[in-house]
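Spelled out from the first residue to the last, the chains are:
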Amino acid sequence: MKKINDIYPKIMAKENLYHSAYMASRGRRYKDTTADFNFSLEEETDRLYKELLAKTYRHGKYRLFTIYDPKKRNIAAAPFRDRVVHHAVHDVIEPIIDKTFIYDSYACRKDKGTHKALNRAQGFLRANRFCFHGDIKQYFPSINRSVLKGILRMRIKDKDLLWLLDEIIDSTPYNDSEKGLPIGNLTSQFFANLYLNELDYFIKFDLRIKYYLRYMDDFLIFSNEKMRLVEVKERTRKFLDGSLKLRLHEEKSQIYSTSKGIKFLGFRLFSEDRRLASDNVKRFKKRLNKFECLFANGKMTKTAVKDSVRCWAAHSKYANTVTLRKSIFNGLVKKKSGIRYLVKNLLVN
C-alpha cells in the first residue's frame, strides 16, 4: 500500500476532536472526568488542538485496576482527554489500514466480530479433518513496542503522526521498557490487530494456507493432513519468536481432530452442532447469583438485571442452547430466586 502521509492536520482538526469527544463519551457521559471535559468542551478541545499543533501534548497517567471475569486481567484506563486523542487517531487511520488486513481477521473490525468468526470456523471445520488452534502467551503485555513502531513506519510516512503514535505507545504504565500495551485503550486494540497482521500475511502468503482465521491472538489453521499442521505449527512458532518477539502458549496451542470439536471464542464447534463452552455457562450462573444478591439489596435495578441477561441470552442463541437456558431458568425457580420473573422471557424464549 502507499504510505499514509499528510494526514496529521485531519487528525488534530477541531471538528475531528469534537467528534472524538462525542465518541469517547458514549456510555460514560455521567462519569466525573467525562462530565468535567464536556462541561468545558470548547476550552478543552481548543487546548488539545493547541498542544497537538505545537506537539507539546503529553499522555496522562493511567488508572490501573484488575478484573477477574472471565480471567484475571490488568486494565489500564487512560484519562478522558487522552481517550479523545485515541479516537481522533483511530477513527482517521483505521479505515485506511483496515483495507490491508486479510478477509479472515475478525476482531475489532467493522462488519466482522465473534459470530461471523464462528460461522467461518465451522465452515472450515466441515471441510477439514484436523485443526491447529494457536494462542499467544500473554499477548498484550508481550507486544514489543519497537517492533510495533517499525510496522507502523512501513505504512505511515507522516512524521507528525508518527510522533503522536509514539507518544501513545510509550505512555504504557508497565515497568518493562520494551514490551507491553495497556489493555483498555482503543488504540491498543488497533495496534494489537495490526501487529498480528504480520502473522496473517506469513500464514496466508508464505505458508500458503487456505483455511485460516484469526480473532485477535486466537487463531485457527485447518488441514486434511495432520503432519502438514505439525510443520505449520513449528514454522509459526519460529516466525512469532523471530519476527514478532512473541511466544505460543504451548498448553493452549494444540492440533485436534475436528471430529472431536474445537473450542473457539467461548463455544465448542462441531460439524453440525454448536455448544456453549462449559466455562461460559459457569460464569453466567455465577453472575446470576451476584445479580440476585444485588437486586435483593436494592443495589441493582430491574433494567440492569434484564439488560445483562438479555446480552448473554442473545449471545448464547448462536449455539444450540434451548435446553440449557430452560435448565438455568428452572434452577432459579427451584430456589425461588427474586429475579426469576424478570428473566423468564429472556431465558425461555
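Each chain carries its own residue numbering, running from 1 in the direction its sequence is written. Only residues with pLDDT of at least 70 get local features here, since the model is predicted, and only at 80 or more are side-chain atom pairs given and counted; chain-wide, interface and lining totals rely on the full set of residues. The basis for every side-chain value is the complete set of non-hydrogen atoms in the structure, without hydrogens or water.

Colleague: For this particular structure, what's the right way to read the packing of aromatic side chains?
Modeller: The geometry of an aromatic ring pair is captured by two quantities: the separation of the ring centres and the angle between the planes. Note on ring pairs: Phe, Tyr and Trp rings are taken, using the six-membered ring of Trp, and paired if centres are within 6.5 Å. Classes follow the plane angle, with under 30 degrees stacked, over 60 edge-to-face and the rest tilted. In this structure the tally under the stated criterion is 10 aromatic pairs. Pairing Phe 124 with Tyr 211 gives two aromatic rings, centres 5.2 Å apart and planes at 75 degrees, and the pair type is edge-to-face. Note that Phe 124 is positioned in helix H6 (residues 114-127) and Tyr 211 in the loop between helix H10 (186-206) and strand E4 (212-215), a separation of 87 residues in sequence. Exposed residues in this analysis have more than 50% of their type's maximum accessible area, buried residues have under 20%, and partly exposed residues fall in between, with area computed by a 1.4 Å probe over protein chains only. Taking the relative accessible area as the measure of exposure, Phe 124 reaches 6% and is therefore buried. Labels follow the DSSP assignment, with helices taken as runs of H or I lasting at least four residues and strands as runs of E lasting at least two, numbered in each case from the N terminus.

Colleague: Just to check I follow, could you spell out the sheet that holds E4 for this structure?
Modeller: The strands making up a sheet associate through backbone hydrogen bonding, with each pair oriented either parallel or antiparallel. Any two strands between which DSSP finds at least two bridges are classified as paired. Strand order in the open sheet formed by four strands is E4-E5-E3-E6, and the pairing between neighbours is antiparallel. Only two strands of the sheet have a single neighbouring strand rather than two, namely E4 and strand E6 (254-257). Strand-to-strand twist in this sheet, taken as the mean axis angle between neighbours without regard to direction, amounts to 20 degrees. Of the strand pairs in this sheet, strand E3 (residues 130-135) and strand E5 (residues 218-223) are connected by six bridges, and their pairing is antiparallel. Looking at E5, one finds that Phe 130 is bridged to Ser 223. Packing against the sheet, H10 makes contact with E4 and E5, and its axis sits at approximately 170 degrees to E4. It only takes one pair of heavy atoms within 4.5 Å for two residues to be counted as in contact. Think of each axis as a best-fit line through the C-alpha atoms, taken over the contacting stretch in the case of a helix, with angles from 0 to 180 degrees between the N-to-C directions. Its contacts with the sheet put helix H11 (residues 226-243) on E3, E5 and E6, and the angle it makes with E5 is roughly 145 degrees.

Colleague: Where do I start with the sheet that holds strand E9 (residues 274-276) in this structure?
Modeller: If you trace the three strands from one edge of the open sheet to the other, you get E7-E8-E9, paired in antiparallel fashion. Pairing within the sheet leaves two strands with one partner each, and these edge strands are strand E7 (262-264) and E9. Sheet twist, expressed as the mean angle between neighbouring strand axes with direction ignored, is 30 degrees. Where E7 meets strand E8 (residues 267-269), three bridges bridge the pair, whose relative direction is antiparallel. Following the sheet pairing, Phe 264 is matched in E8 by Phe 267.

Colleague: Looking at this structure, I do not really get helix H2 (residues 14-25). What am I missing?
Modeller: One fewer than the residue count of a helix, multiplied by 1.5 Å, yields its expected span. For H2, which comprises 12 residues, the first-to-last C-alpha distance of 16 Å matches the rise-based estimate of 16 Å (1.5 Å per residue) to within 8%. Count one or two residues on from H2 and you reach Gly 27, which has phi positive near 80 degrees.

Colleague: So what exactly am I meant to see when it comes to the state of the cysteines here?
Modeller: Chemically, a disulfide is nothing more than a covalent bond linking the sulfur atoms of two cysteines. Cysteine sulfur atoms are paired as a disulfide whenever they come within 2.5 Å of each other. Tallied over the full model, the rule gives zero disulfides. Sulfur of Cys 108: no disulfide; nearest cysteine sulfur belongs to Cys 311 and is 16 Å away.

Colleague: Where do I start with the pairing of E5 in this structure?
Modeller: Each regular strand displays side chains that alternate between the two surfaces of the sheet. Within E5, six of the six residues are buried, leaving the element largely enclosed by the surrounding structure. A two-sided burial pattern is seen for E5, the buried positions comprising Asp 218, Leu 220 and Phe 222 on one face and Phe 219, Ile 221 and Ser 223 on the other. By the bridge criterion, four bridges tie E4 to E5 in an arrangement that is antiparallel. Along E5, the bridge assignment pairs Leu 213 with Leu 220. The antiparallel pairing of E4 with E5 creates a hairpin that spans two residues between the two strands, and Met 216 there sits at a positive phi of about 55 degrees.

Colleague: Any chance you could explain the environment of Leu 342 here in plain terms?
Modeller: Following the sequence through the fold, Leu 342 ends up in helix H15 (residues 340-348). Judged by relative accessible area, which is 18%, Leu 342 ranks as buried. For the pair Leu 342 and Ile 143, spaced 199 residues apart in sequence, the C-alpha to C-alpha distance is 44 Å. Setting aside anything within four residues of it in sequence, one finds Leu 342 in contact with Phe 295, Lys 302, Val 305 and Lys 306.

Colleague: Can you walk me through the side chain of Ser 223 in this structure?
Modeller: Tracing the sequence through the fold places Ser 223 in strand E5. Residue classification places Ser 223 among the buried positions, given a relative accessible area of 12%.

Colleague: Can you walk me through the pattern of salt bridges in this structure?
Modeller: The rule for a salt bridge is simple: a side-chain nitrogen of Lys or Arg has to be within 4 Å of a carboxyl oxygen of Asp or Glu. The tally for this structure, following the rule as stated, stands at 22 salt bridges. Where Arg 153 meets Asp 166, a salt bridge forms, and the shortest distance between an N and an O atom there is 2.6 Å. Of the two residues, Arg 153 is situated in helix H8 (residues 145-155) and Asp 166 in helix H9 (residues 159-169); the sequence distance between them amounts to 13 residues. Taking the relative accessible area as the measure of exposure, Arg 153 reaches 32% and is therefore partly exposed. A relative accessible area of 16% means that Asp 166 is categorised as buried. Residues Arg 235 and Glu 231 are paired through a salt bridge, measuring 3.8 Å at the closest nitrogen-oxygen approach. Placement of both Arg 235 and Glu 231 in helix H11 is noted, with a separation of four residues, approximately one turn of the helix. A relative accessible area of 37% means that Arg 235 is categorised as partly exposed.

Colleague: Looking at this structure, I do not really get the layout of surface pockets. What am I missing?
Modeller: The method is simple in principle: a probe with the dimensions of a water molecule rolls over the atoms, and the space it marks as empty is what remains. Approximately 420 Å³ is the volume found for the second largest pocket. A pocket, in this scheme, is an open set of points on a 1 Å grid over the protein atoms alone with protein on both sides within 12 Å along at least 5 of 7 lines, while a cavity is a set where a 1.4 Å probe fits but cannot get out; residues line either one if an atom lies within 4 Å of a point. Lining the second largest pocket are 19 residues, and of these Ala 24, Arg 28, Arg 83, His 87 and Gly 184 lie nearest its centre. Classification used: nonpolar for Ala, Val, Leu, Ile, Met, Phe, Trp, Tyr, Cys and Pro, charged for Asp, Glu, Lys and Arg, polar for all others including Gly. For the lining of the second largest pocket, the per-class residue count stands at eight nonpolar, five polar and six charged. Grid points are joined across faces, edges and corners, and a volume is the space filled by probe spheres set on the points.

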